Amino acid sequence: MRYLPKSPEERRQMLAALGMGSAEELFSHLPADVRLDRPLDIPSGKSEYEIVQYFNGLAAQNANGYPSFLGAGVYRHFRPVVVDPLATRSEFLTAYTPYQAEISQGVLTTIFEFQTMVTQLTGMDVANASMYDGSTAVPEAGMMAARITRRDKLLVARTVHPEYREVLNTYGRHQTLPVETVAYDAESGQLDFDDLDAKLDHETAAVIVQSPNFFGVVDKTREAAELAHRYGALLVVIFTEAVSLGLLEPACEADIVAGEMQSFAHPPSYGGPFVGVLATRQKYVRQMPGRLVGETVDSEGNRAFCLTLATREQHIRRAKATSNICTNQALIALMATIYMSVFGKQGLRELAEQNLSKAHYLADEIGRNGGQRVFSGPFFNEFVVRTNGVGAAEVNRRALDEKIVGGLPLKKFYPELQDALLVCATEVNNRDEMDRYAAQFSG
Amino acid sequence: MIRKVRSHQTQNEPLLFERSSPGKKGYQLPPLDVPGVAPAEALGVANVRREIEGFPEVSEVEIIRHFTRLSTWNYAIDLGLYPLGSCTMKYNPRLNEFVARIEGLAQAHPYQPEELAQGAMRVQVQLEQYLRETTGMDEVTLQPAAGAHGEQTGILLIRAYLEAQGDARRKVLIPDSAHGTNPATAAIAGYEVEEIKSNDQGMIDLEALERAVDDSVAALMVTNPNTVGIFEKDIAMVAEILHTRGAQLYMDGANMNALVGIARPGDFGVDVMHLNLHKTFSTPHGGGGPGAGPVAVKKHLAPHLPVPRIEESNGILRYCYDRELSIGRVRAYFGNFGVLVRALAYILAHGGDGLRNATIDAVLNANYIRMGIEDRYELPYKAPSMHECVFSDDRQARSGVRTGDIAKRLIDYGFHPYTVSFPLIVRGALMIEPTETESKQELDLFIDALRSIADEVESDPELVRSAPHTTRTKRVDETRAARRPVLHWKAPEEEKQAAD
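The present account deals with the structure reproduced in this document.

Conventions used here
- Residues numbered from 1 in each chain as written.
- Chains lettered and ligands numbered in written order.
- Predicted model: local features only at pLDDT ≥ 70, side-chain atom pairs only at ≥ 80, totals over all residues.
- Heavy atoms only, no water.
- Helix = DSSP H or I, 4+ residues; strand = E, 2+ residues; numbered from the N terminus.
- Buried < 20%, exposed > 50% of the residue type's maximum accessible area, 1.4 Å probe, protein only.
- Contact = heavy atoms within 4.5 Å.
- Areas by Shrake-Rupley, 256 points an atom, 1.4 Å probe, with all protein chains shown as cover.
- Lys, Arg positive; Asp, Glu negative; His and termini not counted.
- Charge placed at Lys NZ, Arg CZ, Asp CG, Glu CD.
- Buried area = accessible area lost by both parts, 1.4 Å probe.
- Salt bridge = Lys/Arg side-chain N within 4 Å of Asp/Glu carboxyl O.
- Polar contact = N/O pair within 3.5 Å; in protein donor to acceptor, adjacent residues only side chain to side chain.
- Nonpolar A, V, L, I, M, F, W, Y, C, P; charged D, E, K, R; others polar.
- Pairing = 2+ DSSP bridges.
- Axes fitted to C-alpha atoms, helices over the stretch in contact; angles between N-to-C directions.
- Right-handed = clockwise from strand over helix to strand, strands pointing away.

### Looking at the overall build of chain A
For step 1, the next point in the chain: Assigned secondary structure in chain A consists of 13 helices and 13 strands.
For step 2, the next point in the chain: Seen along its three principal axes, the alpha-carbon backbone of chain A occupies a region of about 80 × 55 × 50 Å.
For step 3, the next point in the chain: The buried share of chain A, reckoned over its 443 residues, is 67%.
For step 4, the next point in the chain: Taking the intrachain contacts of chain A between residues at least 6 apart in sequence as the baseline, contacts between residues at least 24 apart amount to 72%.
For step 5, the next point in the chain: Approximately 13800 Å² of chain A is accessible, and the part contributed by carbon and sulfur atoms is 48%.
For step 6, the next point in the chain: Where the 43 positive side-chain charges of chain A centre and where its 54 negative ones centre are 2 Å apart.

Pasting the structure below:
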């Protein structure tokens, strides 16, 4: 087998050194009744060629090369060519968590840069080395808020990504953190402040809102912060589209910012692996979950980095840890770090402006063809539209005939939004495909 | 004599922020093909940021050099043996990277219509089937993002199952040799943790277990082979003790690399377990992730699995969300799909026989190392080793040299250290897991290195205590990092102001 670097003779020599005549003896101490007495029912090993063919065949059963207007937490952006050659360098790709700082300065330095850029983007004081993804960062932020406030109720806006809320519910149920949802304003698509005010109380640990929210609408985080803080609750702000941070005022008034950075250099990859972000104020750093990299010096006084504040973590604190998290998403965070350095201060803004312009163009074109935007709140690169009698499913069916994947029908997540589509346009959508999709809305 | 390495130059490199200068660019966007929209008009003035303060501006050449230089400061499995016990640092085939980047897989959107996602769904179905076969379990969820996330899912499944029986119970038992994630997970899932002492062979003490299991106990979380690399030979009895008292057996699959093709947890009484695809199934660790932590269960737990599940009829796959007893989602979408693709490629490359041969070589390598250094290092538990062997620094400690020092000295010999000071039941542990993807030559060099260090401990302990000597970064002051945490870069003026 090509991944096993031993000749039969070497194997024999090694076994002989152990005083064994056959490999079976390595397992002779296992009780007979736990041994598997037959070969695994998995076909015998395949060549590279066959495996590539196999996956090419599967890929061909997916929508391959279709223009798409899906966003909803997973965004298609152009990936600069330098990302993969750098991120797949052996020394990054095949290193472990950097416990041995002396021979891990490469990954430690990039994580420190990642943490720094996340604080710059979010306006927070500190950021960790990454979370599994945006959806799991939400309950981690909720649990963190509960630890800080010593309260247990979580209020989550209905405009937070529905699947993120499902994950929050799963975690919350077993942490005895009751989760209540806060309505959205049917006109603006933003938080319903009357409902929030009614549900906030002195048991509330955190108010969790998303901006731009699941409908693509930029929400009123400042007002949410004011109201939450009035009750002594924390404000957690979620984002799913990191490109928006190039243009939007960061939620500096938040206590915790959690989100998803897939947009920065990772393809949709059918939903993962992505990279979650968690950032907060300095005073809460010891309640943070996840890995943190800090600056220090080596014994010769040179700048060096290492994992730090590990006393929060499971391998030290065990049952009293801030989280059970061990693995993070260092490689995807590295891709995001490379991506952020490619675009930089000016490029990220230009990119965000292009996204804004494309989405507004598409919204206008759909409007011209009879579709109606559902919410009046300002939007970044996605928006909700109702079809004018054609029907969401029919619009998308027609689009598929033209080999275009339309926006996300919302009725699955929001029964009240029958016939509505969440439509996203990014810099990779060209005018022609936008025109063609918009045309499907005409009766 | 150090035979594996010679030192070579490494380039110095500042942080990106220190390379930055206004107006430098690493990007060029195509011209906009639609009318430009003024941000302040579309979003409202108050919603538009002035700039991203401190964000870097660098050119493409500098980016290439920056990350390439930084990369050379890392050790990696592609450079050599990486014997971290419990971590299973094996070769990560490049083929897996290649197939994960095939456009129809990499560009697939989780919300694209099911009829146009059949390939992505088939990947999951096929992988689930092979994981069921490998573990001997009945059903698998691929949703958990990592090992600890899989543990959490598994414990929630147990909780949901017991709740459905009318009694969630309140305690989870965990051996004192367990990974730290186990107690942390049980706590996250709302359970009290009770520790079970190991016996003098490093195994679960059946009598202690008998005493501990009562009707408040929901489950025992066991790692098998355990963290000293020993197969829990009484595992079937352990399962029986739990089952007769209504408790469940959870298995941490971190050490599954010792069992694939040899023994199956589903055949020795395990009710639920997780796998680490980034360990056993070779997906790259990438400096700390991504991983994937599929959970495999017996039938009785299956109704509680996270949604969605995939169902097949007439060759068409579809997602099924209608599961009343499900614990709900543990992650958005369908898990770390790209990692699943890589693991499936690995399984296909090996096949059933190949997977078994890999296990044999993994166990052979661990035992070969054990034999090679057994006369120089203290072996606290003498039971036969599986995929890893765990020594103690007892003999070296007499010269004032601890496991952490020996680890740092190994770096000078060109190796990544073993896992240091874990498991906690071994004083000053050296936990060594070579995996199957090491040649005899590499193992011999490693054995030579550890033997040579044992000599040095006797002849010149200070040489070992002050290691590493040949790295570009010398021993790092971790205490200082924790005492005055500096967690992000500050511009020099900012730093000066803070100091004033």
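### Focus: the interface of chain A and chain B
For step 1, the next point in the chain: Each partner contributes to the interface: chain A provides 182 residues, whereas chain B provides 204 residues.
For step 2, the next point in the chain: Here chain A packs against chain B, burying approximately 16900 Å² in sum over the two surfaces, 63% of which is carbon and sulfur.
For step 3, the next point in the chain: Of all residues in chain A, Glu102, Tyr270 and Arg318 of chain A bury the most surface against chain B, accounting for 6% of the area lost on that side.
For step 4, the next point in the chain: At the junction of chain A with chain B, the criterion picks out eleven salt bridges.
For step 5, the next point in the chain: Between arginine 303 of chain A and glutamate 18 of chain B there is a salt bridge, with the nearest N and O atoms lying 2.9 Å from each other.
For step 6, the next point in the chain: Taken together, the connections running from chain A to chain B amount to 92 residue pairs in polar contact (both at pLDDT 80 or more).
For step 7, the next point in the chain: Grouping the amino acids of the side of chain A that touches chain B by side-chain chemistry returns 91 nonpolar, 55 polar and 36 charged.

### Comments concerning the side chain of glutamate 365 of chain A
For step 1, the next point in the chain: Inspection of the secondary structure puts glutamate 365 of chain A in helix α11 (residues 330-368).
For step 2, the next point in the chain: Residues in contact with glutamate 365 of chain A, not counting those within four places in the same chain, are Asp435 and Ala438 of chain A.

### Quick look at the sheet that holds strand β11 (residues 419-420) of chain B
Residues and elements named next belong to chain B.
For step 1, the next point in the chain: The antiparallel open sheet is built from three strands, whose spatial order is β10-β12-β11. Looking at which strands have only one partner, the edges of the open sheet turn out to be β10 (389-392) and β11.
For step 2, the next point in the chain: Against the sheet, helix α11 (residues 337-373) engages β10 and β12 (429-432), with an angle of about 25° to β10.

### Examining the pairing of strand β4 (residues 204-210) of chain A
Consecutive side chains along a regular strand alternate between the two faces of the sheet.
All names here are of chain A.
For step 1, the next point in the chain: Burial runs high along β4: seven of the seven residues are buried.
For step 2, the next point in the chain: Relative to β4, strand β2 (residues 153-157) runs parallel, the two sharing four bridges. Across the sheet, residue leucine 154 finds its bridge partner in β4, namely alanine 206.
For step 3, the next point in the chain: Two strands pair when backbone bridges link them, and β4 and strand β5 (residues 234-239) are joined in this way by five bridges, in the parallel orientation. The residue bridging valine 209 from the neighbouring strand is valine 237, located in β5.
For step 4, the next point in the chain: Crossover β4 to β5 through helix α9 (residues 221-230) is right-handed.

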